[in-house]
Amino acid sequence: MRLEDVSIESARVIFWGPRAALEVRCPLPGVLRLRHLPALRHTAPGPRELPPKQSWAVLEQRELPLSVRYEEQGRVVVVGTEELSLEVTLARGTWLLRDADGRELARCEDFSGEVFPDYPVDRFRSRLALYAPADEAWLGFGEKVGPLDKRGLHFVFWNTDVMPHHPDTDPLYQSIPFCLGLREGRAWGFFLDESWRMEVDVGAEDASLVQWESAGPELDTYLFAGPLPADVVRRYTALTGRPPLPPLWSLGAQQSRWGYENAKDLRTVIHGYRAHELPLDCVYLDIDYMEAYKVWTWDRTRYPDPAGLAHEAAAQGVRLVTIIDPGVKAEPGYPVYDEALAGDFLVRNDRGSVLLGEVWPKPATFPDFTREAVRVWWGRQHRGFVEAGIAGFWNDMNEPACFTLLNGRETFDINTAPAVHLGKVEGPTLPHDARHGDKRHLEVHNVYALGMVRASYEGQRELAPDKRPFVLTRAGSAGIQRYAAMWTGDNSSYWAHLELSLSMLLGLGLSGVSFTGVDVPGFLGRASGELLVRWMEAGTFYPLLRNHSGKGTPPQEPWRFGEPYLSLTRECLRRRYRLLPTLYSLSHEASVEGLPVMRPLVMYAPGDDEALRTDDTFLFGKDLLVAPVVRQGQRRRLVYLPEGRWLPFFNLAVTEEPIEGGQHVIAEAPLGTVPLWLRAGGALALTEPALHTTTANWSRLTWHLHAAERVEARLYEDAGEGYGDFRLTRLLGVRDGNRFVLERSTEGSLPLARDMETLRIYGLPPPREVVGARSHRLGNGVLELVVEAGWQRLEVVL
């Protein structure tokens, strides 16, 4: 794609060609925006003028200065910042990206575009090819199947309602075209900020190329400097937004089932949890609570007193979350439909009539969430539910799913209907040519859910300003993390799905989406007691832990499986609640830095090929390595420990002496045992188990520290709800010769809720003296200190 001329401004450079253009900006430190316009001749509003571009994903767009110089007698133009430089070859229109050290990070081999005259609108195809060195790994890509390294795979970005899905199913429910390249221990990032249908070939067709293709007229890309994977994720989430800190209760145990028929069923479930002394914080109501599947209604026969039910559940420490689907039943006299029709809030077909389909309601219409007025209207629909005490909202079927389309009196199955009746349809959704204001569905399909969850989040903020919103979504796109937690959709009770859940959640975390989970122990099929326990062992460390199942499957509440599975599940839940101080602090870290709760080993061992190839083990934060058993019948498993010193901490208790990393070890893991290791220099904050959450200002707290030359830890505390006072505690430990000094510093004005803390320090020889503790004792190689809660400095003389 030949470029001939350059326009230079302080904060942007535009390369012009006969048919194309390339615009370069720097929106954030360490980030370059490259807007490729291969079909400019067909889209430009005027000569040497770029068309306006809307981003649904990007939040912050600063205008940082760029430097420009010419090389090779003007044939190459170098655009630079402190962190990155871009070398653009005019004759080919290609570019090469280097870091501050001059190291090549990425290379564009080609970008091109085509325009196809068509009815009712012209079609586009834009392509970008990146060089993929043989030793480069490609991570991220959002909600995708496969191993951590996606090299050799091909993906489609088109949010799709899939039931059931399998370990090789693509596309799925979310579309996040962001990835990290990793080579020789250095990472960089790539984000294609397009809402159109897209595909990427990650070295499958040509092993030397990663090839992107969009159905839109341009390729708006962002390039991110590293050098570490965590640096790339921080920069990407600075651009697209970071998740808000969730309410504490949403990190507790959640129970759901499509099949709770009425209020009596919900009371029975809550009673079952309490009678079996099982922790529980939340129960979901699926579509059966609605009147004739009409969103924002209650079936008063099944649920005669929603507010009373919510109050009754809250008295037992349980919140209620209702499912909300986007489909609005087309029924005159139904207020939601009447308002949507009167306000012109609905998606229309190509001919301009309101588009009619079927989801659960029939006929169904679809709000157009791309428009602010529609989002405001939808957000205010939450009022009656919020006033009734509903604590959160579960946005489902928001790809958007559509089982059939209706044309007058005729019904057409989406998979078989002739295009002349419906326009092109891909999967169970709306036609490509459906109209969302001045846009077509082909352009905004992937951001439909983003608009819906934004409406829900902002509606809750308006209606209940003293509480934190909770939204759970199935579909999404880049930026979804700003508004919602997400789960991976309709999985099955297969061991393969348990194992797959780890790489899927790790991929989402690398793509900026931290608050994630899966249906435990599978939405479809029949789970065994063994599968339930093993899935709960892994799910203890998911950011979101929800037991969910579908109609036509056996109930999956833990007591349904009998002993020993009930007791083993109870122990998993108790561990989950002990972990809440650490999980809550990691959730806060995600809200300020964008780093996920679940992290792949390679995030902190980027040059370690074994860590890169490890998909069934992960880090909970930075320092706790989790290696759940994911195979049926296994009672031991092989685990890779990266470089460092690791303390066996199975089931959150010390079991053996520390061992050196950089090797594989065999972990004995009978049913009920989760292999865990605590990194030297790391720490965990644990509390006592409880039947439900109350506050994140912990009244009982124990620190577990694995001593090293340097120890770092953080603990975030607040009320667990709302936006009041907080306290952020940091620990810094330094071992220098025969002294280990640990200092505590704090930010915030939240008063302490405890008088004392306990510190358990592992990896130190017997002390000769301890200064600053109320008491201390040594047992089994563990130094246990009891300190005043407001302590500032401890010194251990060895």
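Residues numbered from 1 in each chain as written. Predicted model: local features only at pLDDT ≥ 70, side-chain atom pairs only at ≥ 80, totals over all residues. Heavy atoms only, no water.

**Focus: helix H13 (residues 565-578)**
- Between its first and last C-alpha, H13 extends 20 Å over 14 residues, near the 20 Å set by a 1.5 Å rise per residue.
- Along H13, the residues that are buried comprise Leu-566, Thr-569, Arg-570, Cys-572, Leu-573, Arg-575, Arg-576 and Tyr-577.
- Residues of H13 that are buried make contact with strand E19 (253-255), helix H12 (529-539), strand E35 (545-547) and helix H14 (580-593). (Helix = DSSP H or I, 4+ residues; strand = E, 2+ residues; numbered from the N terminus. Expected span 1.5 Å × (residues − 1). Buried < 20%, exposed > 50% of the residue type's maximum accessible area, 1.4 Å probe, protein only. Contact = heavy atoms within 4.5 Å.)

**Looking at the packing of helix H6 (residues 372-380) against helix H10 (residues 448-463)**
- Where H6 meets H10, the axes come as close as 8 Å, and the angle between the chain directions of the two elements is 55 degrees. In terms of orientation, H6 lies oblique with respect to H10. Here the hand of the crossing between H6 and H10 comes out right-handed. On H10, the residues that touch Arg-375, Trp-378, Gly-379 and Arg-380 of H6 are Gly-451, Met-452, Arg-454, Ala-455, Gly-459, Glu-462 and Leu-463. (Axes fitted to C-alpha atoms, helices over the stretch in contact; angles between N-to-C directions. Parallel < 35°, antiparallel > 145°, perpendicular 65-115°, else oblique. Left-handed = near helix turned anticlockwise from the far one by under 90°.)

**Considering the packing of H13 against H14**
- The interhelical angle for the contact between H13 and H14, taken along N-to-C directions, is 55 degrees, at an axis separation of 5 Å. Relative to H14, H13 is oriented oblique. Across the interface between the two elements, Arg-576, Tyr-577 and Arg-578 of H13 pack against Leu-580, Pro-581 and Leu-583 of H14.
- Residue classes in the contact of H13 with H14 are distributed as four nonpolar, no polar and two charged. (Nonpolar A, V, L, I, M, F, W, Y, C, P; charged D, E, K, R; others polar.)

**Re empty space enclosed by the protein**
- Summed over the entire model, instances satisfying the criterion amount to seven cavities of 30 Å³ or more.
- There is about 120 Å³ of room inside the largest cavity.
- Around the largest cavity, the lining comprises 14 residues; the ones closest to its centre are Pro-244, Pro-469, Tyr-483, Ala-485 and Phe-515.
- Class assignment of the residues belonging to the lining of the largest cavity gives a composition of 13 nonpolar, one polar and no charged.
- Class assignment of the residues belonging to the lining of the second largest cavity gives a composition of eight nonpolar, four polar and two charged. (1 Å grid on protein atoms, 1.4 Å probe; cavity = no way out; pocket = protein on both sides within 12 Å on 5 of 7 lines; lining within 4 Å. Points joined across faces, edges and corners; volume = space filled by probe spheres on them.)

**Comments concerning the sheet that holds strand E4 (residues 31-37)**
- Spatial ordering of the open sheet is given by E1-E2-E3-E4-E18-E15-E14-E11, a layout of eight strands whose pairing is antiparallel. Taken across any chain shown, the strands that pair with only one partner, and hence form the sheet edges, are strand E1 (5-8) and strand E11 (137-140). In this sheet, neighbouring strand axes are inclined to one another by 20 degrees on average, regardless of whether the strands run parallel or antiparallel.
- Sheet topology places E11 next to strand E14 (residues 178-183); four bridges connect them, and they run antiparallel. Within the sheet, the bridge partner assigned to Leu-139 lies in E14 and is Leu-180.
- Sheet strands in contact with helix H2 (residues 229-240) are strand E3 (21-28), E4, E14, strand E15 (186-192) and strand E18 (219-224), and its direction is about 25 degrees off that of E15. (Pairing = 2+ DSSP bridges.)

**Description of the side chain of Ser-511**
- Positionally, Ser-511 belongs in the loop between helix H11 (495-510) and strand E33 (516-517).
- On the accessibility criterion, Ser-511 (0% relative accessible area) is buried.
- Residues in contact with Ser-511, not counting those within four places in the same chain, are Gly-140, Phe-141, Gly-142, Ile-176, Phe-178 and Tyr-236.

**Some details on the layout of surface pockets**
- One number sums up the size of the second largest pocket: a volume of about 850 Å³.
- Around the second largest pocket, the lining is made up of 33 residues, and of these Lys-622, Asp-623, Glu-712, Ala-713 and Arg-714 lie nearest the centre.
- When contributions to the lining of the second largest pocket are tallied by element, the ones reaching two or more residues are H2, H14, strand E44 (683-686), strand E46 (710-718) and strand E47 (726-736).
- At five residues, the largest contribution of residues to the lining of the second largest pocket is made by H14.
- A breakdown of the residues in the lining of the second largest pocket according to their chemical character gives 16 nonpolar, five polar and twelve charged.

Treat this as a map of the structure, not an account of what it does.
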